[in-house]
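# Secondary and tertiary structure notes
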Amino acid sequence: MDLLPVIVLLAAIAIGIPVGLAIGMAGLSFFLVSGAMPAEIFIQRMVAVTHSFPLLAIPLFVMTGVIMNKSGITSRMMAFAEALTGHWRGGLAQVNVLLSTLLGGVAGSANADAAMQSKILVPEMSRRGYDVALSSAITASSSIISVIIPPGIGLILYGFMGDVSVGKLFLAGIIPGILLCIAMMITVAVLARKTNMKPAFDKPTSWPVRWQAFKGAFLALLIPVGIVAGIRFGFFTPTEAGAMAVLFSIVIGLLLRELKLKHIRPILEQTIQATAIVMLVICMANAFGFYMTWERIPAEIAKAMLALSENPIVLLILINLLLILVGMFIEGTAALILLTPILVPVVTEVGIDPVHFGIVVVLNLTIAGVTPPLGTLMFTTCAITGVSIPAFIKAALPFYIVLFGMLLLLTFVPEFSLFLPDLTFS
Amino acid sequence: MTRLNKLVHWIELAISMAALSALFFSVLWGVLTRYVTEKPAVWTTELSGILFTWVVFVGAASALRSNQHISVTLIVDLLPSQARQLVTLLARALTIAFLFLVTYLAYQMMLKGASRPSPVMRIPFSFVYLATVLSFAEMSVSSLLRLFAEKGTPTNSTSVNEGSI
């Protein structure tokens, strides 16, 4: 087995070459050295990804999220979340968690969610006397919920790479997402009591005001329901659901009279940038994947892992540890693309449901985004809020415990993930 | 920004924004025709794929120029200043070599693609590969220019982006 590409990959990432290009270099080194195939095949493999219809869901769901921020949907969702939890101790912190969950149902990117809340919610929290490190920690950790709640880019990628139904994965994410939200709200409540956080409002919001806030957010709340139901009943594929979500968020923005012609350019610009960054990594990883298939690496690793143990529980523990380790050195999206084709055959061999496994893998690699050393969500949040990384880590410790606890729970109780897909698909 | 830089940026934006808008309408048209008309459009999947190539690669070139791609500077940041400069220079040189090589390969691929039209719309594949040729050519040149402009000043900390999962 030729290990040169793997060495090139690790060395290139270590010396600070952008991850996407580093993966590309590693892939190209295989074509150049082995001579197994003409080097132009590298280009073909790289471009082929952009012709896969399932992955077109990525720009569309990214665009939905961007439109929501511009069209006043996000602020209405926030008002709704605040009307529900504002009078609790640490009300704004609860809003932060709840908002991630509500928005998670429409947009699919944790990084976008963390960036948006760092810009909008954290300054407001600081104004009301919250510790800025804690606000940042809550923002980054709760953005993980938006990855698990459908639609999520991570789930789309896992489904594409592992040949698993994206529709089922979307359904599987609903209950784990809600559980994550509940677990984090409890954590915030406990922290609020301990540190004596202030509520946002002195008394509970009256029901008529809540009803008003609900009406403001109602149309937007229909989008996730429409996405999941539309895919489930076979009206459209996840990609088409993405186009419908874009269309509906535009319509809602127009109905709310907040979406203007001047927003078109920033919406397209932000969508293109976010899409291109993720997709370059994916395209290069596909070219690198040629090397892995050629050398039969997935099969070899699968054999080695199964030789280690055929017990599903032991394997799940081993895989989770492996993912935590990989997540420390390779950015989440890249790790997801490289590892999914290797791991899915292993787990299906021992009878683990690949849909359940998808939730585990995506959650695990997203958690790596808020922990050191390579926490992209942590970097995004801290860069915007100006909190130092050590202060962030200290404030995030309780959330680390909750996240890893939830990871264990979702790993070993597959029913949480499989209840809805089994209910509706069988 | 120099004037040339501005011009390139403007062209990139125009191309990628047009491609993304067309992509959205193409996918949407695919769903709508399936329910509204008797004959669903078959070309939408193919067209949206081709447009996606343009969005991704033109966008990637744009993102590289503004230093938005994710990189891990953790290890580099630990090095003493002189070693860091050296390693950064090495990284940039390797990146430039890689980009030029890929540009050349993409060009080869584009020439081959001329005789191969897409199944439904009969668009030659060279039009698809043209996106990669332009993208990598631009990335090569802009990286090279930056190497001279900055003389290897190290960029610090992992860049912020809103793109990953």
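Quick summary incoming for the structure in this document. Keep in mind that what you see is a predicted model, and the values were worked out from it rather than measured.

### Some details on the overall build of chain A
- Within chain A, the regular secondary structure consists of 21 helices and zero strands.
- In terms of overall dimensions, chain A is globule-like: its C-alpha atoms have a radius of gyration of 21 Å, near the 22 Å expected for 426 residues.
- With the principal axes as the frame, chain A shows a C-alpha extent of 70 × 45 × 45 Å.
- For chain A, buried positions account for 62% of its 426 residues.
- In chain A, 80% of the contacts between residues at least 6 apart in sequence involve partners at least 24 apart.
- Treating the 22 positive side-chain charges of chain A as one cloud and the 19 negative ones as another, the clouds have centres 17 Å apart.

### Considering the packing of helix α10 (residues 153-162) of chain A against helix α18 (residues 354-367) of chain A
All names here are of chain A.
- Two elements in contact, α10 and α18, have axes whose closest approach is 10 Å; the angle formed by their N-to-C orientations is 130°. In terms of orientation, α10 and α18 fall into the oblique class. α18 is crossed by α10, and the crossing has right-handed handedness. On the side of α10, the interface is formed by G154, L155 and Y158, while α18 contributes P354, F357, G358, I359, V361 and V362.
- Split into classes, the residues belonging to the contact of α10 with α18 amount to seven nonpolar, two polar and no charged.

### A word on helix α17 (residues 332-349) of chain A
All names here are of chain A.
- When the terminal C-alpha atoms of α17 are compared, their 25 Å separation across 18 residues agrees well with the 26 Å that a helix rising 1.5 Å per residue should span.
- Of all the bends in α17, the largest measures some 45° and sits at T340, one to four residues before the proline P341.
- Among the 18 residues of α17, 14 are classified as buried, and the element is accordingly described as predominantly covered.
- G351 lies just past α17 and shows a positive phi near 90°.

### Thoughts on the interface of chain A and chain B
- Contact residues are listed per partner, giving 74 residues for chain A and 61 residues for chain B.
- Approximately 5,900 Å² of surface area, both sides summed, lies buried where chain A meets chain B, with 79% of it carried by carbon and sulfur atoms.
- Among the residues chain A hides against chain B, the three largest losses belong to E40(A), I272(A) and I277(A). Together they make up 11% of the total.
- Where chain A meets chain B, there are two salt bridges.
- The residue R34(B) makes a salt bridge to E240(A) at a minimum N-O spacing of 2.9 Å.
- Connecting chain A to chain B are seven residue pairs in polar contact (both at pLDDT 80 or more).
- The greatest single-element share of the side of chain A that touches chain B, amounting to 15 residues, is contributed by helix α14 (residues 264-294) of chain A.

### Remarks on helix α7 (residues 110-127) of chain A
Residue and element names in this part refer to chain A.
- For α7, which comprises 18 residues, the first-to-last C-alpha distance of 25 Å matches the rise-based estimate of 26 Å (1.5 Å per residue) to within 8%.
- Along α7, the sharpest change in direction is near 40° and occurs at S118.
- When we look at burial in α7, the residues that qualify are A110, N111, D113, A114, A115, M116, Q117, S118, L121, V122 and M125.
- Structurally, α7 contributes buried residues whose contacts are with α4 (57-70), α5 (73-85), α6 (91-104), α8 (132-142), α9 (145-148) and α19 (376-385).
- After α7 finishes, the residue G129 shows a positive phi value of roughly 90°.

### Topic: the packing of α10(A) against α17(A)
Residue and element names in this part refer to chain A.
- Remark: α10 packs on α17, axes separated minimally by 8 Å, with the N-to-C direction vectors making an angle of 40°. In this structure, α10 crosses over α17, and the sense of that crossing is right-handed. In this structure, α10 uses G154, L157, Y158, M161 and G162 to contact α17, whose residues at the interface are T333, L336, I337, T340, P341 and V344.
- Looking at the contact of α10 with α17 residue by residue, the class counts come to seven nonpolar, four polar and no charged.

About the thresholds
- Residues numbered from 1 in each chain as written.
- Chains lettered and ligands numbered in written order.
- Predicted model: local features only at pLDDT ≥ 70, side-chain atom pairs only at ≥ 80, totals over all residues.
- Heavy atoms only, no water.
- Helix = DSSP H or I, 4+ residues; strand = E, 2+ residues; numbered from the N terminus.
- Rg over C-alpha atoms; globule rule 2.2 N^0.38 Å.
- Buried < 20%, exposed > 50% of the residue type's maximum accessible area, 1.4 Å probe, protein only.
- Contact = heavy atoms within 4.5 Å.
- Lys, Arg positive; Asp, Glu negative; His and termini not counted.
- Charge placed at Lys NZ, Arg CZ, Asp CG, Glu CD.
- Axes fitted to C-alpha atoms, helices over the stretch in contact; angles between N-to-C directions.
- Parallel < 35°, antiparallel > 145°, perpendicular 65-115°, else oblique.
- Left-handed = near helix turned anticlockwise from the far one by under 90°.
- Nonpolar A, V, L, I, M, F, W, Y, C, P; charged D, E, K, R; others polar.
- Expected span 1.5 Å × (residues − 1).
- Bend = angle between axes of the 7 residues up to and from the residue.
- Buried area = accessible area lost by both parts, 1.4 Å probe.
- Salt bridge = Lys/Arg side-chain N within 4 Å of Asp/Glu carboxyl O.
- Polar contact = N/O pair within 3.5 Å; in protein donor to acceptor, adjacent residues only side chain to side chain.

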